[in-house]
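Residue-level listing of the chains:
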Amino acid sequence: LWGRSGGRRSLASMEEIRAAIAAFLKNAKQPALLEPGEELLPLTEDNFALDLRGGRLTLQAWDRTRNLTRRVTAIQEPTSARLEITVERFPRREGQLFLLDLARRAGADLGRRSARLVFRERFRLFLRRQFPEWKLAELSAEANLEFSLSPAFPRAFLRHGQHGWAAIAAPPEADAGAVLSFGLIWLTYLRGRERRVAVEGLAIYVPAGHERAAALRLLCLDPTAARFELFTYGEEDFVTRVDPRDHGNLDTRLELCRRPAPNLLETWQRIISLPGVERVVKHDGRASLRVRGIEFAELRGGELLFGLRERHPAREHHTAEIERLVEELDRALSPEAEDRGHPLYRQSPEAWLESQARAQIETLDASLLCDPIYDQVPAFAGGERGILDLLAADRAGRLTVVELKASADLHLPLQALDYWIRVKWHLDRGEFTAHGYFPGLLLRPEPPRLLLVSPSLEFHPSTETILSYFAPGIEVERVGLAADWRKALKVMFRLRGAERPE
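Residues numbered from 1 in each chain as written. Predicted model: local features only at pLDDT ≥ 70, side-chain atom pairs only at ≥ 80, totals over all residues. Heavy atoms only, no water.

1. Considerations on helix α3 (residues 179-193)
Along an α-helix, residues three or four apart share an orientation, since each turn contains 3.6 residues.
Phase 1: Here α3 spans 21 Å end to end across 15 residues, near enough to the 21 Å set by a 1.5 Å rise per residue.
Phase 2: In terms of burial, α3 is a largely internal element, eleven of the 15 residues being buried.
Phase 3: V179, L180, S181, F182, G183, L184, I185, W186, L187, Y189 and L190 are the residues of α3 that are buried. (Helix = DSSP H or I, 4+ residues; strand = E, 2+ residues; numbered from the N terminus. Expected span 1.5 Å × (residues − 1). Buried < 20%, exposed > 50% of the residue type's maximum accessible area, 1.4 Å probe, protein only.)

See below:
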């Protein structure tokens, strides 16, 4: 069944092949067709057909833009995720097709790899148009784990005599905000590898409509460190050069700072005073009640709402239930807890780190005021972020952005830069004082400082590389903590900018 017999197949064999293809599609939960070099084509009963006539088995698949017709000549023994088909393209050119089940890991992996290769070729076309006189010396969509280069973002090296450029692109389905981190790593890698070539800069390609994040970040990079060019592309592969200065509008907002109702705090003082309970006053007037960063209740809108997964209005007869919840959290989240695998202990390490940072802010920086400290302001219109941030001020009135990450994150420097950009934007317009933040403190107009706080062994190896491209006017300091930060914060190192630990 799986091989040829004298280069020919009988009608019965073609029927068996058709039956094998039909059986694979019937068992596949998410079938798709892949022809190398072409985009993946999802299959349904309405866009796929097998036609057996006169001993010839013809496969046909189509969508709104393609109509693929191939004569089937053989198949390989299938797996649950993939069926390889030998086909005859017209006129009489042999090739391969693959039927995949994207619901299975192996099929999905092959589908993703195919999509990456298809976009790599689109990227090649972009580069030919923008750099027509340059030699495309390298183009890759493969992973490079040693240098933290992702296969999701194809990268290229262009050369013209003794001059070179690095280039990188974000596919339509990728996170366009992540492309610059990988681009800076790729630029640095090429500069270290190509000793005889002056790699002048980095060209970045993102889908049209997704250029704002990269544009805002590029404005904060050092123009003397490298040249940067930003391009967008559309569905028709039309490429446009983008001026980052045209993207000054931010997805940010600063709400009025309100205070919680004093009588509500007094009503629930018994809960607030329980051992281990932290009361964090939010900028919107809510008071968050937490145990080591995990919120179990909040005072909001004239009442107390409690619960970990679902919130319920609290009445006086709920007091004992809330006390038991606090005791359970305090026991499960104890730094001395025996069960380190408990879901609560493993949940939200960044929230626990934030709790420690609030309580010991002067350990992180002795100049910072203990109160007030705000979180989640200004807010991102785009939604959640992967890191937690605090906004504090020093005794002289200068703002400080504190970014917290409990595990290694390659994107920490640029995600922190996003927040710094927004804080500076509101500071330049005097909105923090006008909206009631830091009452009684005269805020200085200098750009905010930026503290990156993480366990010392959890700073990603690429952190110094990315920070080396920050503009000199952005004052960055990394604070590395001891591994037992859950017990108490102990600073192991302080490094400015792109300094490396000894």
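There is more to say, and it comes next.
2. Some thoughts on unusual backbone geometry
Phase 1: D371 connects to P372 through a cis peptide bond whose omega is 0 degrees.
Phase 2: Position of P372 relative to the elements: it lies in the loop between α10 (361-364) and β20 (374-375).
Phase 3: Going from V377 to P378, the amide bond is cis rather than trans, its omega being -10 degrees.
Phase 4: Examined against the element boundaries, P378 turns out to sit in the loop between β20 and β21 (379-380).
Phase 5: Phi at S148 takes a positive value of approximately 60 degrees, unusual for a residue other than glycine.
Phase 6: Among the structural elements, S148 can be located in the loop between β8 (135-140) and β9 (155-160).

3. A few points about the side chain of R292
Phase 1: Mapped onto the secondary structure, R292 falls in the loop between β16 (287-291) and β17 (294-300).
Phase 2: At 3.3 Å, the side chain of R292 and the backbone oxygen of L333 are in polar contact.
Phase 3: Those residues in contact with R292 that lie beyond four places of it in its chain are G276, E278, D330, L333, S334, P335, A351, W352 and S355. (Polar contact = N/O pair within 3.5 Å; in protein donor to acceptor, adjacent residues only side chain to side chain. Contact = heavy atoms within 4.5 Å.)

4. Points about the environment of E255
Phase 1: Within the secondary structure, E255 sits in the loop between β14 (252-253) and α5 (262-267).
Phase 2: A sequence separation of 182 residues divides E255 from Y437, and the C-alpha atoms of the two residues are 9.8 Å apart.

5. Thoughts on the state of the cysteines
Phase 1: Evaluation of the coordinates by the stated rule reveals zero disulfides.
Phase 2: No disulfide involves C257; its sulfur sits 18 Å from that of C370, the nearest cysteine.
Phase 3: You can call C257 buried: its relative accessible area is 14%. (Disulfide = S-S within 2.5 Å.)

6. Let's talk about the side chain of R398
Phase 1: With respect to the secondary-structure elements, R398 resides in the loop between β22 (388-393) and β23 (399-404).
Phase 2: Its relative accessible area of 14% is what places R398 among the buried residues.

7. Quick word on the sheet that holds β22
Phase 1: The strand order across the open sheet formed by six strands is β20-β22-β23-β24-β25-β26, and the pairing between neighbours is mixed. The open sheet terminates on both sides in strands that have one partner only, identified here as β20 and β26 (491-496).
Phase 2: In the packing of helix α11 (residues 412-428) onto the sheet, contacts are made with β22, β23 and β24 (449-455), and the angle to β23 comes to roughly 155 degrees. (Pairing = 2+ DSSP bridges. Axes fitted to C-alpha atoms, helices over the stretch in contact; angles between N-to-C directions.)

8. Regarding the pairing of strand β4 (residues 56-62)
Two faces make up the sheet, and in a regular strand the side chains alternate between them.
Phase 1: Judged by which residues are buried, β4 turns out to be one-sided: L57, L59 and A61 face inward and are buried, whereas R56, T58, Q60 and W62, on the alternate face, are not.
Phase 2: Adjacent in sequence and paired antiparallel, strand β3 (residues 48-53) and β4 are bridged by two residues, among which G54 carries a positive phi angle near 55 degrees.
Phase 3: Connecting the antiparallel pair β4 and strand β5 (residues 67-75) is a turn made up of four residues.

9. Observations regarding the nonpolar core
Phase 1: Ranked by internal contacts, the top residues of the largest apolar core, which has 67 residues, are L202, I204, L391, L399, F432 and F470.
Phase 2: Filtering out sequence-adjacent residues up to four positions away, F470 remains in contact with C220, L221, D222, P413, L414, L417 and V476.
Phase 3: Of all hydrophobic cores here, the second largest spans 44 residues; its members include I271, A337, L404 and V479. (Core = buried A, V, L, I, M, F, W, Y, C linked by side-chain atoms within 4.5 Å.)

10. Observations concerning the environment of N144
Phase 1: Along the chain, the position of N144 falls in the loop between β8 and β9.
Phase 2: Given a relative accessible area of 18%, N144 falls into the buried group.
Phase 3: Each residue touching N144, except ones within four places of it in the same chain, is listed here: L149, R155 and Y189.

11. Points about the packing of aromatic side chains
Phase 1: With the rule as written, the count across this model stands at 18 aromatic pairs.
Phase 2: For the pair F119 and Y233, a centre-to-centre distance of 5.6 Å together with 45 degrees between the ring planes defines the contact as tilted. Taken together, the residues F119 in helix α2 (residues 105-130) and Y233 in strand β12 (residues 227-233) connect sequence positions 114 residues apart. Y233 shares its class with F119; the two are buried.
Phase 3: With centroids separated by 6.0 Å and ring planes inclined at 85 degrees, the aromatic side chains of F131 and W134 adopt a geometry described as edge-to-face.
Phase 4: Classification of F131 by relative accessible area gives buried; the value is 9%. (Phe/Tyr/Trp six-rings, centres within 6.5 Å; stacked < 30°, edge-to-face > 60°.)

12. A look at the sheet that holds strand β15 (residues 277-281)
Phase 1: Taken in spatial order, the five strands of this open sheet run β15-β16-β17-β18-β19, and their pairing is antiparallel. Lying at the two open borders of the sheet, with one neighbouring strand each, are β15 and β19 (312-313).
Phase 2: Note that β16 and β17 share five bridges and pair antiparallel. Bridge pairing in β17 links A287 to L299.
Phase 3: Along the sheet, helix α7 (residues 319-332) contacts β15, β16, β17 and β18 (303-306); its crossing angle with β17, the most-contacted strand, is approximately 145 degrees.

13. Thoughts on α7
Phase 1: Between its first and last C-alpha, α7 extends 20 Å over 14 residues, near the 20 Å set by a 1.5 Å rise per residue.
Phase 2: Those residues of α7 that sit buried are T319, I322, E323, L325, V326, L329 and A332.
Phase 3: Where α7 is buried, its residues meet α6 (269-272), β15, β16, β17, β18 and α8 (343-346).

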